Amino acid sequence: MFVLIWSTLLFSVRVSDAETGYSAWGPTSCSYGFCNTLVEGDITAEVGLCVVIPCSFTIPYSFRLSTLVWSKCESTKPRCGDVDMIFNSRGSSRKVQVGFTGRVSLLESDVSQKNCSIIISDLKESDSGTYQLRVNGHFNGYADGFTFPQRTTVHVKGLSQKPTVTIPPLTEGRPATLTCTAPGLCSGSEPTITWTWRGRGESDAHIPGSITALMTENVAAFAKRSRSNLTFDPSAEHHGGNITCTVNFRGNVITEETKTLSVTYVKEVRITRNTSVKEGETLNLTCSVESFPPSMITWTKDFDQNIRNGTETTLQNDTFSNLLNDTEERGTATLAISNATPEDSGQYICTLTHRNNTWKESVNVTVIYMRDPVITGDSKVKGEDVLNLTCSVDSFPPSLVVWTKLGFNTNLHNGSVLQNDSGSSTLIIPDVTAEHSGHYICTAQHPDRIATTFTDVTVTWFSKILKNSGCEVQSGVLTCVCISEGFPLPAIKWPLLKDHTAYSIITTVSNYTVSSTVILKGRSNSSVECVSDNENGEAKEKLITRINSSELGERNRKALIIWMRLWRWRLIKRIHCVSDRYIMDKQQEMPRPTAKRELRLDLWQRRHEPLIWTVGQMTWTTPASISHC
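Residues numbered from 1 in each chain as written. Predicted model: local features only at pLDDT ≥ 70, side-chain atom pairs only at ≥ 80, totals over all residues. Heavy atoms only, no water.

Asks: Is there a simple way to think about the sheet that holds strand E5 (residues 51-53) in this case?
Replies: Strand order in this open sheet of 3 strands is E5-E10-E9, and the pairing throughout is antiparallel. With partners counted over all chains shown, the strands left at the sheet margins are E5 and strand E9 (104-106), one partner each. Across the sheet, the mean angle from the axis of one strand to that of its neighbour is 25°, orientation sign disregarded. Across 3 bridges, E5 lies against strand E10 (residues 118-120) in antiparallel orientation. (Pairing = 2+ DSSP bridges. Helix = DSSP H or I, 4+ residues; strand = E, 2+ residues; numbered from the N terminus. Axes fitted to C-alpha atoms, helices over the stretch in contact; angles between N-to-C directions.)

Written out as structure tokens, the structure is:
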């Protein structure tokens, strides 16, 4: 029993250089028959506790022992003196240092047992130093004594040992008792033990309604154990809080131990509801029950969106979801779906089980997304047909779709029919014309973003030659202008030019109209053909030649002179004709003809041929009935 207690006392003692090769205590030192055995190396102890200096001795047979004396002095002194005394086995404290009075005692009070071990309680840092043993008695009838040269060095450091806090299982509503045991088995002053409780986010306080009791257990005459009991009723509010036991030794040496309380309870169920997330983000669904121990939680998805007849599939970690346990105290499970897609929308079910009780809660998840708008329909139409374009957007929530035309500040409405549906809009324009060609823009407005797309509408029609086309002659120069419209833009051809090399052509273009001007000298055609064609077809038109008014007056004057000359010649010719007939009749009677007669005879024979007169570029033909007799 003594060895067991001594081992317990030495629990807080650390001995340096323990392996000496002599004994567990160290070598025995003898001189003149006085032998002493101490622990080899230094002894380390802590403030506020106690330290045991193990010691045994033997004395010569002729020496009669009366007292044991322990002293503490500096290691530089060759031997401790009376002023360094800290303990006298006779109990006399007259010469004992004041600071050690009542703190030092023998482990074995019977000195005849040759056990000189002492225990020093209520340690202070100033207790560090070297300790030396002296025996006093009588040698051969004379008072004498012997101081053993061997010493023990003690180092006292700050207190590091903590009290031991014992907590039984705690259940809400059931009283429980907590125990705090002070460190060390010392016979010194009893420590003060206090309890404090700190809730989450609160300051230290005493637990309301708690009862504390301080108890001291004597292990031996020189050793005792101090403890304190705390009895209270645990609740959910105590769960997660910290309970602290503080032990205050003599000299205001304090040590404490803090434990976290775990109380079994069920308090409140919390389920995440109606959550929405943007596409590509992470969807986090948290299902929690404030309970301890934590509840078992599973997530399932109703893929058929029908609770009564739907198929529920448990979400696994190795698929597209991650189940994360947040905090054990709250019994929390988080379903994390990274890079959410529209397919992740739906109804999710959280099932919680705690102490054979089950709860089910559902949450509707919507994924907000938007695809780029798409335009369908034929953007190339013929004139007077119907333009039908549809712009649709796959999104949630549905997007607002608006049609606009480049160059117009407002939405399309005049002359247009808009058929709007959820996430789409149809643009209908009947009887399209050239003005309906252009850049049409579809704008989709979504809470997440705004997206646009466009299409170029082309209205095609046959080429047509306009009425203001025509030709004009002035000063012998023919100028023809052919104006045509159509889409694609038509090309103008002049068949007249295939036989000419000297001409000039001027072509101008405005929007969907092309104008071609040809200039040609020496022509006065009454009509000129213009040919206009594009990929839709060909148009031909004979352009009427108009004569310039001044040119026409000059021509009329020249024609009048020619006709006057013609009628003058006719009159003279008529006279000659009558005269020639007479002469010819007379000359028929003459024997030989003359040269003049032969000429007149020739004219007479050609009298039925017409006369042709040419003035400038104009030609007149005189009938034979007018030119001859």
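Asks: I tried to follow the sheet that holds strand E3 (residues 34-38) on my own but got confused; where do I start?
Replies: The strand order across the open sheet built from 3 strands is E2-E3-E6, with neighbouring strands paired in antiparallel fashion. Of all strands in the sheet, those with a lone pairing partner are strand E2 (28-31) and strand E6 (55-58), marking the two edges. Direction aside, the axes of adjacent strands within the sheet are offset by 15° on average. Bridge count for E2 against E3 is 4 bridges, and the pairing is antiparallel. Each residue of the ladder has a partner; that of Ser29, found in E3, is Asn36.

Asks: Please explain the environment of Val219 as it appears in this structure.
Replies: The topology assignment puts Val219 in strand E17 (residues 211-220). Among the residues examined, Val219 registers a relative accessible area of 27% and is labelled partly exposed. In this structure, the C-alpha to C-alpha distance between Val219 and Leu185, residues 34 residues apart in sequence, is 7.8 Å. (Buried < 20%, exposed > 50% of the residue type's maximum accessible area, 1.4 Å probe, protein only.)

Asks: How do you make sense of the packing of aromatic side chains when you look at a structure like this?
Replies: Ring pairs (aromatic) are described by centroid distance and by the angle formed between their planes. In the structure shown here, the tally under the stated rule is 4 aromatic pairs. Taking 6.4 Å as the distance between ring centres and 75° as the angle between the ring planes, the aromatic pair formed by Phe34 and Phe148 counts as edge-to-face. One end of the pair, Phe34, is in strand E3; the other, Phe148, is in strand E12 (residues 142-157), and 114 residues separate them in sequence. Taken individually, Phe34 and Phe148 each receive the classification buried, so the pair is uniform in this respect. For the pair Phe146 and Phe148, a centre-to-centre distance of 5.3 Å together with 85° between the ring planes defines the contact as edge-to-face. Under the relative-accessibility criterion, Phe148 is labelled buried at 1%. Ring-pair connections join several aromatic residues into one group, and the members of that group are Phe34, Phe63, Phe146 and Phe148. Just above the ring of Phe100 sits the side chain of Arg103; from NZ or CZ to the centre is 4.9 Å. (Phe/Tyr/Trp six-rings, centres within 6.5 Å; stacked < 30°, edge-to-face > 60°. Lys NZ or Arg CZ within 6 Å of the ring centre and 35° of its normal.)

Asks: Help me understand the environment of Ser71 in this model?
Replies: Along the polypeptide, Ser71 turns up in strand E7 (residues 63-73). Remark: the alpha-carbon pair of Ser71 and Val96, spanning 25 residues in sequence, is separated by 8.7 Å. Ignoring any residue separated from it by four or fewer positions in sequence, one finds Ser71 in contact with Cys80, Gly81, Asp84, Met85, Ile86, Thr130, Tyr131 and Gln132. (Contact = heavy atoms within 4.5 Å.)

Asks: How should empty space enclosed by the protein be read in this particular structure?
Replies: If a probe as big as a water molecule is rolled over the atoms, it shows which places are left empty. In the structure shown here, the tally under the stated rule is 1 cavity of 30 Å³ or more. Considering only enclosed or pocket space, the largest cavity measures out at about 120 Å³ in volume. Around the largest cavity sit 16 residues that line it, and Pro183, Cys186, Ser189, Pro191 and Phe249 are the ones nearest its centre. Broken down by element, the residue count for the lining of the largest cavity peaks at 3 residues, all from strand E18 (residues 223-232). (1 Å grid on protein atoms, 1.4 Å probe; cavity = no way out; pocket = protein on both sides within 12 Å on 5 of 7 lines; lining within 4 Å. Points joined across faces, edges and corners; volume = space filled by probe spheres on them.)

Asks: Can you walk me through the confidence of the model for the protein chain in this structure?
Replies: As a general rule, the predicted coordinates of low-pLDDT regions are not to be interpreted in detail. Mean pLDDT for the protein chain: 79, with 79% of residues reaching 70 or above. In the model of the protein chain, strand E1 (residues 14-15) stands out as the element of lowest mean pLDDT, 36, in contrast to strand E13 (residues 164-166), which has the highest, 95. In this model, residues 305-312 is a region of pLDDT below 50 whose contacts with residues beyond four sequence positions or in other chains number 15 contacts. Across residues 611-620, where pLDDT falls below 50, the model places 24 contacts with residues more than four positions away in sequence or in other chains. (pLDDT = per-residue confidence, 0-100.)

Asks: Sorry if this is basic, but what is going on with the state of the cysteines here?
Replies: Should the sulfur atoms of two cysteines be covalently bonded, the bond is a disulfide. The tally for this structure, following the rule as stated, stands at 8 disulfides. Two residues, Cys55 and Cys116, share a disulfide whose sulfurs are 1.7 Å apart. Across the S-S bond of Cys55 and Cys116 the torsion is about -85°, and the bridge reads as left-handed. You can see Cys55 sitting in strand E6 and its partner Cys116 sitting in the loop between E9 and E10, a full 61 residues away along the chain. Comparing Cys55 with Cys116, the two get one shared label, buried. Covalently, Cys391 is tied to Cys442 through a disulfide, its sulfur atoms 1.8 Å apart. Here the S-S torsion is close to -75°, and the disulfide linking Cys391 with Cys442 is therefore left-handed. Here Cys391 is found in strand E32 (residues 387-392), whereas its partner Cys442 is found in strand E37 (residues 438-445), with 51 residues between them in sequence. A relative accessible area of 0% means that Cys442 is categorised as buried. (Disulfide = S-S within 2.5 Å.)

Asks: Even after reading the chapter, I still don't get the pattern of salt bridges, so can you show me in this structure?
Replies: Proximity of charged atoms lets side chains of opposite charge pair with each other. As enumerated under the stated definition, the model contains 13 salt bridges in all. Note that Arg227 and Glu217 form a salt bridge whose closest N and O atoms lie 3.4 Å from each other. Of this pair, Arg227 sits in strand E18 while Glu217 sits in strand E17, and the two are 10 residues apart along the sequence. Here Glu217 falls in the partly exposed class, since its relative accessible area comes to 35%. For Asp448, the salt bridge identified is with Lys278, shortest N-O distance 3.4 Å. One end of the pair, Asp448, is in the loop between E37 and strand E38 (450-465); the other, Lys278, is in strand E22 (residues 275-278), and 170 residues separate them in sequence. Residue classification places Lys278 among the partly exposed residues on the basis of a relative accessible area of 36%. If you follow the salt bridges from partner to partner, you end up with Glu217, Arg225 and Arg227 in one network. (Salt bridge = Lys/Arg side-chain N within 4 Å of Asp/Glu carboxyl O.)

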